[in-house]
Amino acid sequence: MKDQIKKAMQHNQIVDIMYIAKDNTNTKRRLQLIKIVGDTVQAYCFTRHAKRTFKSNNILVAYPLLNKASVLNV
């Protein structure tokens, strides 16, 4: 999973993730990656409209959007 996120960040791609939140619920997020620090991913979250930090171990699935214009379809 971490390799996919690193690759997306290198290509400046927006990614959709499925994530396990603190309350153990699954959540879908759309992110613009900012940086990876240790086991955390810092990104702008289009769902929350804010910069957020995600534990990489809690990211279940990550896939880049093919088209940046897709961000408007959140």
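Residues numbered from 1 in each chain as written. Predicted model: local features only at pLDDT ≥ 70, side-chain atom pairs only at ≥ 80, totals over all residues. Heavy atoms only, no water.

Chemist: Let's hear about the pairing of strand β3 (residues 40-45): which residues, and what values?
Modeler: The two faces of a sheet get side chains in turn, since along a regular strand they alternate between them. Of the strand pairs in this sheet, strand β2 (residues 26-37) and β3 are connected by six bridges, and their pairing is antiparallel. When the bridges of β3 are listed, Q32 appears paired with Y44. Count of turn residues in the β2/β3 antiparallel hairpin: two residues, of which G38 carries a positive phi of about 60°. Judged from the six bridges that link them, β3 and strand β4 (residues 50-55) form a sheet pairing that is antiparallel. From the neighbouring strand, Y44 faces β4, where its bridge partner is K51. Connecting β3 to the antiparallel partner β4 that follows it, the hairpin turn spans four residues, and H49 within it adopts a positive phi of roughly 55°. (Pairing = 2+ DSSP bridges. Helix = DSSP H or I, 4+ residues; strand = E, 2+ residues; numbered from the N terminus.)

Chemist: Residue-level account of the packing of aromatic side chains, with values.
Modeler: In this description, a pair of aromatic rings is defined by centroid distance and the angle of the planes. Taken as a whole and assessed by the stated rule, the structure comprises two aromatic pairs. Seen from their ring centres, Y19 and F54 are 5.0 Å apart, and the 85° between their planes marks the pair as edge-to-face. Within this pair, whereas Y19 is found in strand β1 (residues 14-20), its partner F54 is found in strand β4, the two being separated by 35 residues in sequence. Where Y44 meets F46, the ring centres are 5.1 Å apart and the plane angle is 80°; that geometry is what we call edge-to-face. Overall, Y44 belongs to the partly exposed group, its relative accessible area being 30%. (Phe/Tyr/Trp six-rings, centres within 6.5 Å; stacked < 30°, edge-to-face > 60°. Buried < 20%, exposed > 50% of the residue type's maximum accessible area, 1.4 Å probe, protein only.)

Chemist: Explain the environment of L60 residue by residue, including any values.
Modeler: Within the secondary structure, L60 sits in strand β5 (residues 59-64). Residues L60 and Y19, spaced 41 residues apart in sequence, show a C-alpha to C-alpha distance of 5.6 Å.

Chemist: Before we move on, can you summarise the sheet that holds β1 with the specific residues and values?
Modeler: Overall, antiparallel pairing links the five strands, which are arranged β4-β3-β2-β1-β5 in an open sheet. Sheet topology places β4 and β5 at the edges, where each strand pairs with a single neighbour. For this sheet the average axis-to-axis angle between neighbouring strands, irrespective of direction, equals 40°. Against the sheet, helix α1 (residues 2-10) makes contact with β1, β2, β3 and β5, and its axis sits at roughly 65° relative to β2, the strand it touches most. (Axes fitted to C-alpha atoms, helices over the stretch in contact; angles between N-to-C directions. Contact = heavy atoms within 4.5 Å.)

Chemist: Could you give an account of unusual backbone geometry, naming the residues involved and the relevant values?
Modeler: Even without a glycine there, the phi angle at N12 is positive, about 55°. Of note in the backbone geometry, N24 takes a positive phi value of approximately 70° without being a glycine. Residue placement: N24 occurs in the loop between β1 and β2. Its relative accessible area of 65% is what places N24 among the exposed residues.

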